[in-house]
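What the coordinates show
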Amino acid sequence: MATNADPPRTYRERNSTADRALDILLLFSADKPVWSGIEISARLGVARSTTYRYLQSLTGSGFIEEAAGGFRLGPRIFQLARLARAGLGLSDVALPAMRALAAQVNETVLLTRRSGRSVVCLDLVEAQHAVRLSYERGHVLPINAGAAAEVLLAWADPDEVTAILEQGPLERFTAKTLTDPEALRTRLAHIRKRGAALSQGELDDHILGVAAPIRDASGAVCAAISIAALASRVPRSELKTVEAQVKAAAATVSRQLELRDA
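Structure report, in brief. (Residues numbered from 1 in each chain as written. Predicted model: local features only at pLDDT ≥ 70, side-chain atom pairs only at ≥ 80, totals over all residues. Heavy atoms only, no water.)

So, on to the overall build of the chain. Helix and strand content of the chain: nine helices and eight strands. Expressed as a percentage of the 262 residues in the chain, the buried residues total 42%. Restricting the contact set of the chain to residue pairs at least 6 apart, pairs at least 24 apart contribute 56%. Element-wise, carbon and sulfur atoms account for 52% of the exposed surface of the chain, whose accessible area totals about 14,300 Å². (Helix = DSSP H or I, 4+ residues; strand = E, 2+ residues; numbered from the N terminus. Buried < 20%, exposed > 50% of the residue type's maximum accessible area, 1.4 Å probe, protein only. Contact = heavy atoms within 4.5 Å. Areas by Shrake-Rupley, 256 points an atom, 1.4 Å probe, with all protein chains shown as cover.)

As judged from the seven bridges shared by strand E3 (residues 108–115) and strand E4 (residues 118–125), these two strands associate in the antiparallel manner. Paired with Ser115 across the two strands is Ser118, which belongs to E4. The pairing of E4 with strand E5 (residues 140–142) spans three bridges and is antiparallel. Each residue of the ladder has a partner; that of Val120, found in E5, is Val140. (Pairing = 2+ DSSP bridges.)

The next thing to look at is the packing of aromatic side chains. For any two aromatic rings, the description comes down to two numbers: the centre-to-centre distance and the angle of the planes. Applying the stated rule across the entire model yields zero aromatic pairs. The lysine or arginine in question, Lys32, covers the ring of Trp35, its NZ or CZ lying 4.8 Å from the ring centre. (Phe/Tyr/Trp six-rings, centres within 6.5 Å; stacked < 30°, edge-to-face > 60°. Lys NZ or Arg CZ within 6 Å of the ring centre and 35° of its normal.)

Counted at 1.5 Å a residue, the expected span for helix H3 (residues 48–60) with its 13 residues is 18 Å, and the 18 Å between its end C-alpha atoms agrees. Along its buried surface, H3 packs onto helix H1 (17–25), helix H2 (37–44), strand E1 (64–67) and strand E2 (70–73). (Expected span 1.5 Å × (residues − 1).)

Here Ala217 shows up in the loop between strand E7 (207–215) and strand E8 (221–230). Put simply, Ala217 and Ser254 are 37 residues apart on the chain and 7.5 Å apart in space, counted from C-alpha to C-alpha. Ignoring any residue separated from it by four or fewer positions in sequence, one finds Ala217 in contact with Leu257, Glu258 and Asp261.

The next point concerns the nonpolar core. Here is a general trend for soluble globular proteins: nonpolar side chains tend to be buried in one another's company. Grouped together as the largest cluster of nonpolar side chains are 30 residues, with contacts concentrated most on Met98, Leu101, Ile214, Ile225, Ile227 and Val246. Only helix H5 (90–105), E3, E7, E8 and helix H9 (239–260) provide two or more residues apiece to this core. In terms of residues, this core owes the most to one element, H5, which gives nine residues. Those residues in contact with Ile214, other than ones at most four positions away along the chain, are Leu111, Ala220, Val221, Cys222, Ala223, Ala224, Ile225, Ala250, Val253, Ser254 and Leu257. Judged by nonpolar contacts, the second largest core, of 29 residues, contains Tyr135, Ala154, Leu178 and Leu230. (Core = buried A, V, L, I, M, F, W, Y, C linked by side-chain atoms within 4.5 Å.)

Purely geometric numbers; function is a separate question.
Structure (structure tokens):
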């Protein structure tokens, strides 16, 4: 066990082959993507013959490759990066943008996905207000009320929208809830043209929602990012700004999904 009197371990005291290989890989950066064998040997403080032995092994396995002036990261690294990105779930990808949006608007941010005739809250970032809205992960919302639901329905396949609307009467929650299928279709067309949805009082008389679509690598809408706020906390003069911020957050998540699935 190390004590305060123990000297720090130097590179030469590390015996693990994996340690040495990782130290070589970690030298590469955006500022210096190519390293010569001599530079690596000097940086790590090991004999050139030892360095070249490790470089030969890393090159043979595809982790690095020869380049003009030395070595650069190889195709195996990029394959592993793609696998790592693919392992991220939608919430993992979206949460950084959701946190940034919540900090900008100081309101609750929701990540939602449609499931048949319902909308499910996959994740959320709560605002730091004394009065909080009662949303939680797994919360199920109706398909015809609220900005998030309408965004998800707006970009759904038209045949699927028809099937959903013909399954039965749409539920009414407030006087502003759209229950007429044709009126809802008109609203959905407006949302597609605008690129976002704004709703107030459709699900709850006092709640304002602003939502924008998240697209996957194929360009299909797979989820929505939205804010839910007490309408009294968001002045009408700020709605355009909030809408632009929600759109920007959705676009950020969409880009991250495209990178993940590239």
